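Residues per chain are reported as follows:
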Amino acid sequence: MKKKILSTSVVAVLLSGVIAGCSQSVAPTQKADGKSVKGPVTISFWFPGADKANDEYFTNVAKEFENLNPNIKIETTVLPANAADVDTKLNAAKLSGTFPDVLSAYLVFMGTRGTKNEFAPLDDYLKNWNEKDDILESALAAGKVKDKSVGLAFFPAPEVLTYRKDYFQEAGLDPEKPPTTWEELAQYAEKLTKRDASGIVTRAGLDIPGINASVFFEPFLRQNGSKVIDEAKDVPSFNDPKSVEAFNFLVGMANKKVNIPYNYQKKDDVPFMNGNAAMSYLQTTSISNLLTNKPELKDKLGFAPVLKRENKVAFNGNRLFTIGANSKNKDASWEFIKFMMSKEQVWKRYKDLKIPVVRKSLEKQFMDEDPKFNSVLMDYVKNGKGKATVTWSPLYDKYIHLAYEEAISGKKPAAQALKDAQEGLEKEISTFAK
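Attention in this report is confined to the structure presented alongside it. From a predicted model like this one, the values you see are computed outputs, not experimental measurements.

### Focus: the packing of aromatic side chains
Stage number 1. Scanning the model with the defined rule gives 32 aromatic pairs in all.
Stage number 2. Both rings, one in phenylalanine 168 and one in tyrosine 188, keep their centres 5.7 Å apart while their planes meet at 75 degrees; by these two values the pair is edge-to-face. With phenylalanine 168 in helix α6 (residues 165–170) and tyrosine 188 in helix α7 (residues 182–192), this pair connects stretches of sequence that are 20 residues apart.
Stage number 3. When the ring of phenylalanine 220 is compared with that of phenylalanine 249, the centres are 6.1 Å apart and the planes differ by 40 degrees; the resulting orientation is tilted. A residue pair is termed long-range when its members are at least 10 positions apart, and phenylalanine 220 in helix α8 (residues 214–223) and phenylalanine 249 in helix α9 (residues 241–255) qualify at 29 residues.
Stage number 4. Looking at phenylalanine 220, the relative accessible area reads 1%, which means it is buried.
Stage number 5. On the basis of relative accessible area, phenylalanine 249 is assigned to the buried category, the value being 16%.
Stage number 6. In this structure, arginine 164 packs its charged tip against the face of tyrosine 167, placed 4.1 Å from the ring centre.
Stage number 7. Against the face of tyrosine 167 rests arginine 203, its NZ or CZ located 3.6 Å from the ring centre.

Rendered as structure tokens:
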């Protein structure tokens, strides 16, 4: 059941120059171009729920905006956390004409909805925003669909190569020198793996998942120079020598039995989280949860920089602020987004929710807070790439997952698995297009 929270009206406060007419008049919100948002107006703001801290922040920040802008009221709705469930809610809202004015959108929606013109273009707003140049390029790029900005990223969620320093020491490796190349990653994984007398892996050198692993292996394909998906041409592009080489690299490590296979989507089953792996790609929330549950690991965790081969690229998911294409209050919605992207709110989200900053002017302050972790985290945020913005991304996931699972299990050679997957995907896309 959808939990809906209506923010309460705030008692109007007297500000100099605000009241120029009768006592019931409402002050307009001044825009950067000198014009104003006429009020009163009400805008709807939907965001995915998570935990108490997350839900309270987004609910309370709407009230804070109302206090500062009494001519704009915010109606907040807490959505389910799961992207598929949010998608269902949005489909229903589209049919009923209740699509939100402002949405905290998952990155996948840039492809499945942004490409279908469900979000309003933000280019003119961004052009006239005097703080645009302070936003990280990766945050701006995440919201672009075919060179048109339809979202503004505020919630980077990178997958960070995390390792156990104590396990490094056990294996005779320098705990302050994590791997930086593919070759080093493979060498370290072998040295860090522990097996019992029968050869069964008891502690993995590296977490290499067996299924549902596109978030894990896509960066390796991109690091090796594959486009994976050619977004400009709107076609799959993973059946190439670069992708084959990357798959073979991962299959090669798995064949040396340096891992304990697991389902990448089941975060509770990640061997590293249970002390059964020396290296793993982890979401920042997983790292935070691990340290909360096992504070004794605080000085035992290390964080490797983004690996580089032909390219330096990591996986970085995101959430973005968008405006509904049919919103009747786009100007007021943009004022709310600007407020949410202010330095004060970006920093508050870091302090309250541990969300990495997306403003350049906050980078130093961010890294000074936790030099070892945040400096590496910023490397992932800046060099991160999330899911491609294409309408057929769910189909892509189906076929690319199949190719990986066939290759990693030895059912097919990597080249054949990728070839079959791309051909199957292209066929289904062409059928879907008709």
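Past the structure itself, the notes keep going.
### Quick look at the pattern of salt bridges
Stage number 1. Summed over all chains, the structure comprises 27 salt bridges.
Stage number 2. Between lysine 312 and aspartate 379 there is a salt bridge, and its shortest N-O distance comes to 3.2 Å. Here the residue lysine 312 occupies a position in the loop between β16 (301–303) and β17 (314–317), and aspartate 379 occupies one in helix α14 (residues 371–382), the gap between them amounting to 67 residues.
Stage number 3. Accessibility expressed as a relative area gives 34% for lysine 312, which makes it partly exposed.
Stage number 4. What makes aspartate 379 buried here is its relative accessible area of 14%.
Stage number 5. A salt bridge links lysine 364 to aspartate 368; the shortest N-O distance between them is 2.8 Å. With lysine 364 and aspartate 368 both in helix α13 (residues 363–369) and 4 residues apart, the pair spans about one turn of that helix.
Stage number 6. The exposed category is assigned to lysine 364, whose relative accessible area is 59%.
Stage number 7. Put simply, Asp87, Lys94, Arg113 and Glu118 are held in one network by salt bridges that share partners.

Cut-offs used in this document
Residues numbered from 1 in each chain as written. Predicted model: local features only at pLDDT ≥ 70, side-chain atom pairs only at ≥ 80, totals over all residues. Heavy atoms only, no water. Phe/Tyr/Trp six-rings, centres within 6.5 Å; stacked < 30°, edge-to-face > 60°. Helix = DSSP H or I, 4+ residues; strand = E, 2+ residues; numbered from the N terminus. Buried < 20%, exposed > 50% of the residue type's maximum accessible area, 1.4 Å probe, protein only. Lys NZ or Arg CZ within 6 Å of the ring centre and 35° of its normal. Salt bridge = Lys/Arg side-chain N within 4 Å of Asp/Glu carboxyl O.

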